[in-house]
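Residue-level listing of the chains:
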Amino acid sequence: VIRMTGCPNSCGRPSMAEIGFIGKAPGTYNMYLGGDFVGQRLNTLFAESVTEDQIIERLTPLFKKYSTEREKNEAFGDFLVRAKVVKPMVAGRYWWTIPEV
């Protein structure tokens, strides 16, 4: 699941997605990764103020790694946590922080 919003109130619920984007300025986004498909884990800030080209540059190697290293029926967000690309975000009060990987 991918969610994108330009609303600072997170109206598009990007925190609930495996890949989420919140607009910072025209063509610039904060990129969040690792939410789960069923909504029991929020995603985690992965990169700040990335451009649209940088989003592709950062996601392409992750998609490649996922395609070769995922477990059977493993969702992308679950893979990112298992592969330690991001730490799991299980408490909403910490969502605005950047956890160490």
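1. Considerations on the pattern of salt bridges
Phase 1 of the analysis: Scanning the entire structure with this criterion turns up three salt bridges.
Phase 2 of the analysis: Of the charged contacts in the structure, one is a salt bridge between E71 and R82, with a shortest N-O distance of 3.5 Å. Here the residue E71 occupies a position in the loop between helix 1 (52-69) and helix 2 (76-82), and R82 occupies one in helix 2, the gap between them amounting to 11 residues.
Phase 3 of the analysis: Classification of E71 by relative accessible area gives partly exposed; the value is 45%.

2. A short note on the packing of aromatic side chains
Phase 1 of the analysis: The final tally for this structure, using the stated rule, is four aromatic pairs.
Phase 2 of the analysis: Measuring from ring centre to ring centre gives 5.1 Å for F63 and F76, while their planes differ by 50°; the resulting arrangement is tilted. You can see F63 sitting in helix 1 and its partner F76 sitting in helix 2, a full 13 residues away along the chain.
Phase 3 of the analysis: Among the residues examined, F63 registers a relative accessible area of 38% and is labelled partly exposed.
Phase 4 of the analysis: F76 sits in the buried class, given a relative accessible area of 8%.
Phase 5 of the analysis: An aromatic cluster of at least three residues, connected via ring pairs, comprises F63, Y66, F76 and F79.
Phase 6 of the analysis: Note that R70 overlies the ring of Y66, its terminal NZ or CZ placed 4.9 Å from the centroid.

3. Here's the deal with unusual backbone geometry
Phase 1 of the analysis: Despite not being glycine, S49 shows a phi value in the positive range, around 50°.
Phase 2 of the analysis: Tracing the backbone shows S49 in strand 4 (residues 44-51).

4. Focus: a nonpolar patch on the surface
Phase 1 of the analysis: Taken together, V1, F37 and V38 make up a surface patch of nonpolar side chains, about 320 Å² in accessible area.
Phase 2 of the analysis: Mapped onto the fold, F37 is located in the loop between strand 3 (28-33) and strand 4.
Phase 3 of the analysis: With a relative accessible area of 61%, F37 lands in the exposed category.

5. Concerning the sheet that holds strand 4
Remark on secondary structure: sheet strands pair via backbone hydrogen bonds, oriented parallel or antiparallel.
Phase 1 of the analysis: Reading across from one edge, 1-2-3-4 is the order of the four strands in this open sheet, with mixed pairing throughout. Bordering the open sheet on either side are strand 1 (2-5) and strand 4, each of which pairs with just one other strand. Pairwise comparison of adjacent strand axes, ignoring direction, gives a mean angle of 20° for this sheet.
Phase 2 of the analysis: Across the sheet, helix 1 is in contact with strand 2 (19-25), strand 3 and strand 4; its angle to strand 4 comes to roughly 140°.

The rules we used
Residues numbered from 1 in each chain as written. Predicted model: local features only at pLDDT ≥ 70, side-chain atom pairs only at ≥ 80, totals over all residues. Heavy atoms only, no water. Salt bridge = Lys/Arg side-chain N within 4 Å of Asp/Glu carboxyl O. Helix = DSSP H or I, 4+ residues; strand = E, 2+ residues; numbered from the N terminus. Buried < 20%, exposed > 50% of the residue type's maximum accessible area, 1.4 Å probe, protein only. Phe/Tyr/Trp six-rings, centres within 6.5 Å; stacked < 30°, edge-to-face > 60°. Lys NZ or Arg CZ within 6 Å of the ring centre and 35° of its normal. Patch = residues over 30% accessible without salt bridge, like charges linked within 9 Å, V, L, I, M, F, W, Y side chains within 5 Å. Areas by Shrake-Rupley, 256 points an atom, 1.4 Å probe, with all protein chains shown as cover. Pairing = 2+ DSSP bridges. Axes fitted to C-alpha atoms, helices over the stretch in contact; angles between N-to-C directions. Contact = heavy atoms within 4.5 Å.

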